[in-house]
Every structure is written in C-alpha cells, then in structure tokens.
Amino acid sequence: QRPRGRMWPLGWLGMAGLCLGTLWAVPAKDRRRAEKPRAELAPYENLELENYELTLDNYGEILDLSNYEELYDYGDLAPKIEVGTLAPRPKDPKTLPDPGATGTPKLRPLTSAGPVPPAPNPGQGEIPPGLPSCRLCLCLGTSVYCDDAGLERIPALPPDTAYLYARFNRIGAVRAADFSGLEKLKRIDLSSNSIAWAHEDAFRLLPSLQELLLPQNRLTALPELPRSIVRLDARLNRIRSAGLRPEAFRDLKQLQFLHLSDKQLDFIPAPLPPSLRSLHLQNNNIQTLQEDTFCDRQDHGQIRRALEDIRLDGNPINLSLFPHAYFCLPRLPTGRFS
C-alpha cells in the first residue's frame, strides 16, 4: 500500500511538466500575436458605445481635432527637393532636337533688355521698319503697353489695338496719322509725357474711342474729340480758354467725365451735354458763371440728376453770388461760398 501512495504525487508532477512543456513549445512570436489584440482592447473596455451618434451638435465634443497637427508629424514624409540640380545632359548629341527641323520652333535667348522681338517669318527676313510690331512695347491681345519705354513719338500699332498705354515717355506731339485706321481703339493713355501739340484730327476720326487720358503734358489747346468719347482727362496742362473751341462739348452726347483741372481757364466751357456726371475745374482762374451754365433758365422744372460732381474749388469765384445757377442740380458745386 505504501509504495502505491508515493507514486501518486509523482504522477501529478509528471502531468504538470508535460503541460508546461507543450505550452512553452509554442513560439514566442505566436504567443505575442495572440496576446496583442487583448492588450489593444484594454483601454476601450470602459467605453459606452450605445449612444455614440455623430451629429452637428455633438461633433465638437466627440471629435477633438484641435491637437491634430501635434499628434501627426508628416515632416519625414515630405519630398526632399535639391535646389539647383539640373537634369542630366544626354550623352549622345544626336538625341537633341534639330533647330532646323520642320515643325520644331526655334528657341530665342531671353534677355533683361525688354520684350523679346517676334521672330521673322521663314523666308521673309526681318520685319521692315514702320510696320506694326511690338519691338519697343509689349502686346497682349488687343492691349499695347509702352509705359516708360523712352518713346519720342507714337509707335506703329497693330490694326486690332483697342487699348494703348504709353505713359511716362518723352512724346512731344500727336500727329494726324498716328492713329489712322485704328477703328477698334477704345482707350488712349498718354499721361506724363511732353505733348505740346496735337493735330485737330488726331482723335476725331476714331469711331470707338471712349477714354482719352492726357494729364501732365504741355498742351495749350485741346484737339477736336469724337462723339463716342465718354471720359476726357486733360488736367495739369497749359490750356487756356482760348485753346477750347466754342461749344466744344455740346455735341458729345456720351461724355460723362470731364476733368480740366489745374489749368488757366477763365470760364466754364458751356454748354455741357446732359450726359455729364462729373465736372472737375478746380485750380483754374474762373471768376464768374452764367445762370444757364448748368441749367436751362427757361425750364424751371429741369433737373440734371446725373450731374452730381462739380468741383470749382481753388478758383477765385464766389459761388454764393450766383444762387439761381444751381436750381436744377441735385448737389451744390464744391467751392467757395463766402
């Protein structure tokens, strides 16, 4: 009986050793894989997901993205760019395109001296001087930009030019043929030049001209204007009243902005067209005005609603001496009333 009792504990120890050997026989990698999901779920065991419903009201409470940039750093994923590196040159010169091949455009070197002149047509040589070109200017669509280009005269322009900007040059005169045939020309800006003379027909024959800007020049007389003109700016010139044709603006039915300030005018150039909205005559030598300068004295029911901007400040005129001259205006002119 005693020997059999001693074998019983030994049998249990053998069975336990066999189980432990089987457990440790499992590779450590597989044991970690089996334990990992349980470890990952541990922080979320206390979450209550029954009422997890995302709406516009609880969006800010459920999802907090204020520290999103701190949690995720994408700096290591940004592509590395080496500034100054060039593509490798082909080893075989034959792989380069042939400039003389048909259909391959010729490359012209870029310089900082100004706009690159257009390449001449094949077989025709250089463009003859005097023909429309953009050698001194920059042509973009129907606009020609010649600002600060050292010009002494109006350059030859393409026939479809609609907008010309030739400011800050040394242009001294505008000839009759400078804009000949430019039927699409809508705007001419010759500000800050040295123009002392303009032919009387230099602008009159332009059927589409709407804006003529001539400030800061040396004009002593104003040329005739086309009936399509909407805006005329000729301030800061040397025009006297004798330099304006009688009733120069009467037939300009589309004229809305007439700016003749900083001159030597002695009177307001009436009659003014009904379309006029802005009249700037400040800093002249105007001393008097007539009762019908702005209004028709025969029609006391007349109201010129469009003419809301009249500037006569900087003139020696006392506007309070002419109370009957403003009855048709929506606003009194700006100037001295005492």
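Treat the numbers as computed from the prediction; the structure is a model and nothing was measured.

## Regarding the nonpolar core
No. 1: F179, I188, F203, F249, L279, L289 and F294 are the most contacted members of the largest nonpolar core, which totals 57 residues.
No. 2: Taken together, domain 1 (130-238) and domain 2 (265-337) each give at least three residues to this core, which thus spans both.
No. 3: Aside from chain neighbours lying at most four places away, what touches I188 is L164, F179, F203, L206, L209, E211, L212 and L213.

## What about the environment of S320?
No. 1: Mapped onto the elements of the fold, S320 is located in the segment after β11 (309-311).
No. 2: Classification of S320 by relative accessible area gives partly exposed; the value is 34%.
No. 3: Sequence spacing of S320 and G335 is 15 residues, and the spatial spacing of their C-alpha atoms is 9.6 Å.
No. 4: A distance of 2.7 Å separates the side chain of S320 from the side chain of N318, its partner in a polar contact.

## Some thoughts on the side chain of Q282
No. 1: Mapping Q282 onto the fold places it in the loop between β10 (278-280) and β11.
No. 2: You can call Q282 buried: its relative accessible area is 8%.
No. 3: Every residue in contact with Q282, bar those within four places of it in the chain, is listed here: S261, D262, R311, D313 and N315.

## Here's the deal with the sheet that holds strand β9 (residues 257-259)
No. 1: The sheet built from 9 strands is open, its strands ordered β1-β2-β3-β5-β7-β8-β9-β10-β11 with mixed pairing. Taken across any chain shown, the strands that pair with only one partner, and hence form the sheet edges, are β1 (138-140) and β11. Pairwise comparison of adjacent strand axes, ignoring direction, gives a mean angle of 5° for this sheet.
No. 2: Sheet topology note: the β1/strand β2 (residues 143-145) ladder contains 3 bridges and is antiparallel.

## Looking at the environment of R231
No. 1: Looking at the secondary structure, you find R231 in strand β8 (residues 231-233).
No. 2: Classification of R231 by relative accessible area gives partly exposed; the value is 27%.
No. 3: Residues within four places of R231 in sequence aside, it is in contact with R187, Q210, E211, L212, L213, L255 and F257.

Reading the values: rules and limits
Residues numbered from 1 in each chain as written. Predicted model: local features only at pLDDT ≥ 70, side-chain atom pairs only at ≥ 80, totals over all residues. Heavy atoms only, no water. Core = buried A, V, L, I, M, F, W, Y, C linked by side-chain atoms within 4.5 Å. Buried < 20%, exposed > 50% of the residue type's maximum accessible area, 1.4 Å probe, protein only. Domains from an automatic or database assignment. Contact = heavy atoms within 4.5 Å. Helix = DSSP H or I, 4+ residues; strand = E, 2+ residues; numbered from the N terminus. Polar contact = N/O pair within 3.5 Å; in protein donor to acceptor, adjacent residues only side chain to side chain. Pairing = 2+ DSSP bridges. Axes fitted to C-alpha atoms, helices over the stretch in contact; angles between N-to-C directions.

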